[in-house]
Protein chains: 2
Amino acid sequence: MVERGLPTSVGETTENSESGGSLARMLQILELFTDAGPVWSTADLIEALQTSRSTGYRYIKTLHDAGLLTAVRNGYYTLGPRIIEMDLQIRQTDPMLMASHGVLEDLVEKIGHSALLLTAFRDSVLCIGESRAPRSPENRFSRGQRRPMFQGAGSKVILAHLPHHRLKALYPRHRVEIESAQLGSTWSEFRKKLGDIKKDGHLLTLGEFNPGVYGVAAPILTDQKTAVGSVGVAWDENERRDLDVKQAVGAVKYAATTISERLQDMQRQS
Amino acid sequence: MVERGLPTSVGETTENSESGGSLARMLQILELFTDAGPVWSTADLIEALQTSRSTGYRYIKTLHDAGLLTAVRNGYYTLGPRIIEMDLQIRQTDPMLMASHGVLEDLVEKIGHSALLLTAFRDSVLCIGESRAPRSPENRFSRGQRRPMFQGAGSKVILAHLPHHRLKALYPRHRVEIESAQLGSTWSEFRKKLGDIKKDGHLLTLGEFNPGVYGVAAPILTDQKTAVGSVGVAWDENERRDLDVKQAVGAVKYAATTISERLQDMQRQS
DNA sequence: ATTGACAATCTCATAATATCGGATTTTCTT
DNA sequence: AAGAAAATCCGATATTATGAGATTGTCAAT
């Protein structure tokens, strides 16, 4: 009866499945806070949830008590301080981030361009770390931002190393995007293209986001050779240094391998 | 084995009240991820929750679907990517942070020491922003970290400008800390000391965290003159420049006032 | 301080739905 | 490809989330 959640705006993990109960319903509140609407009144929140006042207030109170929401003023809420705290917690302890310490910096020094650390998240790719070259422009792709999984070296190289079942589940959801990204118009064609990338162990792209910008990326792999993330660098073609493309590829692959090994060593110890 | 949920470690909003239902119980999972234990197995999580396997898995799944948890490998979880994403969202839209853009940088330039932006959170103070002076040492108090509310200029100055009822609720919970922080051993003494700080509109401290370190802070206030945060700077006494303490106080107060005004202007528009 | 206006919480009967053990399916290792 | 382990599904039960209205708490102005 609670006719909540417009199917169009849901975008959950699994296609459009009914949200999994009140717990998920409550967490949906967090999704409402966007760049376009970063501050919500209780009234609007309750309206958006299509629930009773009591329940709405209870959800808000629960999230508030957990620190995930905070009142900016009387009856107006924003994402809460606990999120900032947890982000620090992640920065200090995330295994992949830990494993990449120093490696990204070395990579930047070696090739003179900014480097990114990416991870797969919900059929897309999230930037979780970056190391900027000395006087490079501020990156438009930085920690916390997402990109589609079918464009850019850093994304595709993860895609190619995803476990079988993940790909199988993902393909039907994104047939059109995959085709328009030149990744094949059939399942077997798709698998073949990914197989090629996988064989190379890296990917070089040109102008997939910004015209004239090169991208190189290599996957960060688990013991079973499936991707947990990737390392990537990008540079403008007329900003080219004496650096050879091959050299960049080598450096990126080396960085990715180093991180992968460290990561696997860490897991063996726990 | 993992003896969770000890009343001592809870530290919820209201004294020690029974957790408010399954929603809060699920969110408690997030509190388990600490520096000491950043990665948890499903088995240990369920053990810690003291619930059935089914329910434990359902909680984990719900949090996973929301992106608040992520699997680092088979059956092991960490805080999830959605948190990183939401942190960026906050950095891009948080009113206080927006209002402080440029102001903190100007302050640093004026006095040559790193500046911090703080906010009140759960009977403590959280750092939400910082601007580092050119070649200053990496700050030990940076974004995402918490400090007690009764030590340090940045904390006390917020405390002094907290709304009446907040103080009244807070005092009995922290009598001992307040007394040992020289903030008075009775309620009226406490109120008087805070009143003095309030009158000055700023606070100067010496060596409350690190010996020989000066701290200056001023409050960020709402229309009704209650604190939402503070601006602070700190420097070592033998690192003193030709800068006068008075000059620093003035600069900090100016920064805090500017941020307060911007904040109030923003609210008038929405 | 007192009041009025609004926001947030509380009360409590009702039934919706979270819960649990066990079976089933999915996922991972050999 | 088969076996082992993990995660999900299933359905009966009662715990507990829900919602309308009353109450309390909070805020701004007199």
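Just above, that's the structure.
A short tour of the structure in this document, coming up. Being a predicted model, the structure only gives us computed values, none of them experimental. (Residues numbered from 1 in each chain as written. Chains lettered and ligands numbered in written order. Predicted model: local features only at pLDDT ≥ 70, side-chain atom pairs only at ≥ 80, totals over all residues. Heavy atoms only, no water.)

This next bit is on the side chain of Q264(A). All names here are of chain A. On the secondary structure map, Q264 appears in helix α12 (residues 245-269). For Q264, the side chain forms a polar contact with the main-chain oxygen of T222, separated by 3.5 Å. Residue contacts for Q264: discarding those within four places in its chain leaves L221, T222 and D223. (Helix = DSSP H or I, 4+ residues; strand = E, 2+ residues; numbered from the N terminus. Polar contact = N/O pair within 3.5 Å; in protein donor to acceptor, adjacent residues only side chain to side chain. Contact = heavy atoms within 4.5 Å.)

If you rotate chain B by 180° and push it 0.0 Å along the axis, it lands on chain A with an RMSD of 0.1 Å. Taken together, the turn and the small shift mark the pair as related by a two-fold rotation axis. Here 100% of the interface residues in chain B have copies in chain A that are interface residues too; the copies meet face to matching face. (Least-squares fit on C-alpha atoms with pLDDT ≥ 70 in both.)

Residues and elements named next belong to chain A. Evaluated as defined, the whole model comprises 10 aromatic pairs over all chains. Three or more aromatic residues joined by ring pairs form one cluster here, namely Y171, W187 and F190. If you follow R147 out to its NZ or CZ, it ends over the ring of F141, 4.2 Å from the centre. In this arrangement the basic side chain of R147 is found over the ring face of F209, its NZ or CZ atom lying 4.3 Å from the centre. (Phe/Tyr/Trp six-rings, centres within 6.5 Å; stacked < 30°, edge-to-face > 60°. Lys NZ or Arg CZ within 6 Å of the ring centre and 35° of its normal.)

Before going further, it helps to spend a moment on the protein's contact with DNA strand C. Near DNA strand C, the surroundings consist of 20 residues, among which H165(A), S52(B), T55(B), R58(B) and Y59(B) are the closest. Atoms of DNA strand C within 4 Å of the protein belong to the sugar or the phosphate in 73% of instances, the rest to bases. Within the contact set of DNA strand C, a base oxygen lies 3.1 Å away from a side-chain nitrogen or oxygen of S54(B). Y59(B) places a polar side-chain atom, nitrogen or oxygen, 2.6 Å from a phosphate oxygen of DNA strand C. If you list the elements that add at least two residues to the surface near DNA strand C, you get α4 (53-65) of chain A together with α2 (22-32) and α4 (53-65) of chain B. The class makeup of the residues in the surface near DNA strand C is 3 nonpolar, 14 polar and 3 charged. (Near = heavy atom within 4 Å. Nonpolar A, V, L, I, M, F, W, Y, C, P; charged D, E, K, R; others polar.)

With that settled, the discussion passes to the sheet that holds strand β1 (residues 40-41) of chain A. All names here are of chain A. Pairing is antiparallel across the open sheet formed by 3 strands, whose spatial order is β1-β3-β2. Both outer strands of the open sheet, β1 and β2 (69-73), are each paired with one neighbouring strand and no more. One ladder, built from 2 bridges, connects β1 with strand β3 (residues 76-79); its direction is antiparallel. What sits directly across from W40, in β3, is Y77. Along the sheet, α4 contacts β2 and β3; its crossing angle with β2, the most-contacted strand, is approximately 100°. (Pairing = 2+ DSSP bridges. Axes fitted to C-alpha atoms, helices over the stretch in contact; angles between N-to-C directions.)

Limitation: the analysis is restricted to geometry and does not speak to function.
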